[in-house]
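Examination of the molecular architecture
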Amino acid sequence: MTEKITKKQPEDVGHQWDSDASGTSGASMPTPHHPKAQKGGGASASATPGWRVLAVLSMLMGFASISTDLYLPAMPMMSHSLHANEGLVDLTISAYLIGFSLGQLLWGPISDRYGRRSSVAIGLVLFVIGSAGCALSGSALAMIGWRVVQALGACASVALSRAMVRDLYEGARAAQMLSILITVMGIAPLVGPLVGGQIVALAGWRAIFWTLVGIGIATLAALFTIPETLPVTRRNEESLGRAMARYGQLLRDRRLLGYAGTGGFFYAGMFAYIAGTPFAYITYYHVPEQLYGLLFGLGIIGIMGSNLLNSYLVSRFGYDRMLLAGTIIAAFSAIMVALLARTGWGGLWGLVVPLLVFVSATGFIVANSITGALDNFPERAGAVSALIGAIQYGSGIIGSGLVGIFANGTPWPMGWVIALCGIGSLLSMRLLFPVSGLSGVRYMPARLICNEEGKTEACGSL
């Protein structure tokens, strides 16, 4: 016997998004019922935010990629200009990931208590400062330090935009919206290396970071055209210290670890790809800097396509099944990357093709792993989004760091790191098997959680 428990939303939310966009606080928004007074499930179909909100959310989600993808073609030039070796320049990516992963752990509880928009605004200011510092850096070590500052700001945009989606949607619908938004923001990494290559050729690598300063300022202005998504009545009144301490409680949840593991290992492989391909393509296979973006763009097109496919299929098969399919694709393509990187068979395209398949699995892994984690703890969406993001990007530190440490002038270090990560992502699905019952489940299983009053309530559906 199955039962679907739905969560009611006020019918007027969707109709007032655009008209309220000029408001300056959460009070201008329609006030939904507190989540603890409702049962979990899908948001009302009428709760549809306007195009302006969706556009800004896409911009915010794009900060993780645009902050790195834009300067990928400049990495060899930066190495020469800053008198640093290949491995040290690769560490600018690892440093960024350190700030990005740790910063999210702070922004999550802050946004749960004080709201999403003001938290994102402060983060954007830090991003602008960090980008300007990178542009003025005179050494690789200075660049590494400013990349940390840049990341501390950028992570607020990415982590909290996911929480904002969870403020509006649940379950398969949330996975659909994340897939669509990721597809839209995929334009940023698609054009990033292309634009970056042209900027390098015309104005040098420092101009790339001044461009990021401009992007940060423009996004900050756009942020204040939309309302707060987390009304005061739904905010968490816990002290920040206690909220931070509750991360340990979240990490004891088996399903949360499963979703975090699948996404975390995959992100490690993705950042090994980001750190390794500039040198594999440009230095090893002698691809011109201006054309590197075209090869990188093939992967972005694959990501956009798989996200669109996921948004269509997830309502039919459920996000657990789609996540499993994505991890299988990632694992087998990652093994092929390692084999071809080691043997050199097929030359440049022998490496490009399996890498394209691997990165395309993003559409089936990222949105579904995030949605699964958020659906387990809807009342703490900011903290959960931050924790998942910290684990994913923290894993990226390891992936990109290993490529930098073992760099030997060939694609092989990137290949074996990606292979290990793809296999790890697939093995993490074992943590979800006992609960999700992938053979027959279409929606998230019902689970009982204890609220602060000690009462139990259902979340999700069977």
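Residues numbered from 1 in each chain as written. Predicted model: local features only at pLDDT ≥ 70, side-chain atom pairs only at ≥ 80, totals over all residues. Heavy atoms only, no water.

**Topic: the overall build of the chain**
We count it as follows: Runs of E in the DSSP output that reach at least two residues are strands. Runs of H or I that reach at least four are helices, and both are numbered from the N terminus. Note on exposure labels: buried denotes an accessible area under 20% of the residue type's maximum, exposed denotes more than 50%, and partly exposed covers the range between, all computed with a 1.4 Å probe on protein chains only. Here, residues are in contact when the closest pair of their heavy atoms is within 4.5 Å. Here the open area of atoms and residues is found with the Shrake-Rupley method and a 1.4 Å probe, where only the protein chains shown may cover a residue.
Helices and strands together make up the secondary structure of the chain, namely 20 helices and 2 strands. Burial status across the chain gives 62% buried among its 462 residues. The contacts in the chain between residues at least 6 apart in sequence include a share of 85% that link residues at least 24 apart. Surface exposure of the chain reaches about 17200 Å², of which carbon and sulfur atoms provide 68%.

**Section: helix 5 (residues 86–114)**
Rules: Expected helix span is computed as 1.5 Å times (number of residues minus one). A residue's bend is given by the angle between axes fitted to the 7 residues ending at it and the 7 residues starting at it.
For helix 5, built from 29 residues, the straight-helix expectation of 42 Å at 1.5 Å per residue is met to within 8% by its first-to-last C-alpha distance of 42 Å. Of all bends in helix 5, the biggest is about 30 degrees, found at Gln-104.

**Topic: helix 7 (residues 140–168)**
Note that an α-helix has 3.6 residues per turn; residues three or four places apart therefore point the same way. Look at helix 7: 42 Å from first C-alpha to last across 29 residues, which is about the 42 Å you get at 1.5 Å a residue. Here helix 7 lies mainly inside the structure; 22 of its 29 residues are buried.

**Regarding a nonpolar patch on the surface**
Our working definition: Patch membership is restricted to residues that have no salt bridge and whose relative accessible area is over 30%. Joining uses 9 Å for like charges and 5 Å for the nonpolar side chains Val, Leu, Ile, Met, Phe, Trp and Tyr. Note on definitions: salt bridges are taken to be side-chain nitrogens of Lys or Arg within 4 Å of carboxyl oxygens of Asp or Glu.
On the surface, Leu-298, Ile-301, Ile-329, Trp-349, Val-353 and Val-357 cluster together to form a nonpolar patch covering roughly 510 Å² of accessible area. In terms of residues, the nonpolar patch owes the most to one element, helix 16 (residues 347–360), which gives 3 residues. The topology assignment puts Val-357 in helix 16. Accessibility expressed as a relative area gives 36% for Val-357, which makes it partly exposed.

**Comments concerning the confidence of the model for the chain**
How we decide: The quantity called pLDDT is the predictor's confidence in a given residue, expressed from 0 to 100.
Mean pLDDT over the chain stands at 77; residues scoring 70 or higher make up 80%. Considering each helix and strand of the chain separately, the mean pLDDT is smallest for helix 1 (residues 13–16), with a value of 37, and largest for helix 19 (residues 412–428), with 96. Predicted confidence for residues 1–47 stays below pLDDT 50, and this span has 98 contacts to residues more than four positions away or in other chains. The model gives residues 435–462 a pLDDT under 50, and that stretch makes 75 contacts with residues more than four places away or in other chains.

**Here we look at the pattern of salt bridges**
With the rule as written, the count across this model stands at 1 salt bridge. With a closest N to O distance of 3.3 Å, Asp-320 and Arg-255 form a salt bridge. Pair noted here: Asp-320 is in helix 15 (residues 319–343) and Arg-255 is in helix 13 (residues 254–284), with a separation of 65 residues, a long-range link. Assessed through its relative accessible area of 6%, Asp-320 is described here as buried. Here Arg-255 falls in the buried class, since its relative accessible area comes to 4%.

**As for the packing of aromatic side chains**
In this description, a pair of aromatic rings is defined by centroid distance and the angle of the planes. Under the convention used in this document: Pairing of aromatic rings covers Phe, Tyr and Trp, the last through its six-membered ring, and needs centres within 6.5 Å; plane angles under 30 degrees mean stacked, over 60 mean edge-to-face, and all others mean tilted.
Under the counting rule described, the total for this entry stands at 11 aromatic pairs. Here the aromatic rings of Tyr-267 and Phe-271 are separated by 6.3 Å at their centres, their planes lie at 35 degrees, and the arrangement is tilted. In this pair, Tyr-267 and Phe-271 are both assigned in helix 13, 4 residues apart and thus about one turn of the helix distant. Side by side, Tyr-267 and Phe-271 carry an identical accessibility label, which is buried.

**Quick look at the packing of helix 15 against helix 16**
Threshold: Whenever a helix is involved, its axis is fitted only over the stretch in contact; in every case the axis is a line through C-alpha atoms, and angles between N-to-C directions fall within 0 to 180 degrees. Between 65 and 115 degrees an angle is taken as roughly perpendicular, under 35 as roughly parallel, over 145 as roughly antiparallel, and anywhere else as oblique. Crossings are classed by handedness, with left-handed meaning an anticlockwise turn of the near helix from the far one by less than a right angle and right-handed meaning a clockwise turn.
With their axes 8 Å apart at the nearest point, helix 15 and helix 16 run at an angle of 160 degrees to one another. Judged by the angle between their axes, helix 15 and helix 16 are roughly antiparallel. Once helix 15 is placed against helix 16, the crossing between them reads as left-handed. Residues Ile-329, Ala-330, Ser-333, Ala-334, Met-336, Val-337, Leu-340 and Ala-341 of helix 15 form the contact with helix 16, whose participating residues are Gly-350, Leu-351, Pro-354, Leu-355, Val-357 and Phe-358.

**Structural notes on the environment of Gln-150**
With respect to the helices, strands and loops of the structure, Gln-150 is situated in helix 7. For Gln-150, a relative accessible area of 0% puts it in the buried group. Taking the C-alpha atoms as reference points, Gln-150 and Ala-132, 18 residues apart in sequence, are found 8.9 Å from one another. Not counting the four nearest positions on each side in its chain, Gln-150 is found in contact with Ser-67, Tyr-96, Leu-126, Phe-127, Gly-130, Ser-131, Cys-134, Phe-209 and Leu-212.

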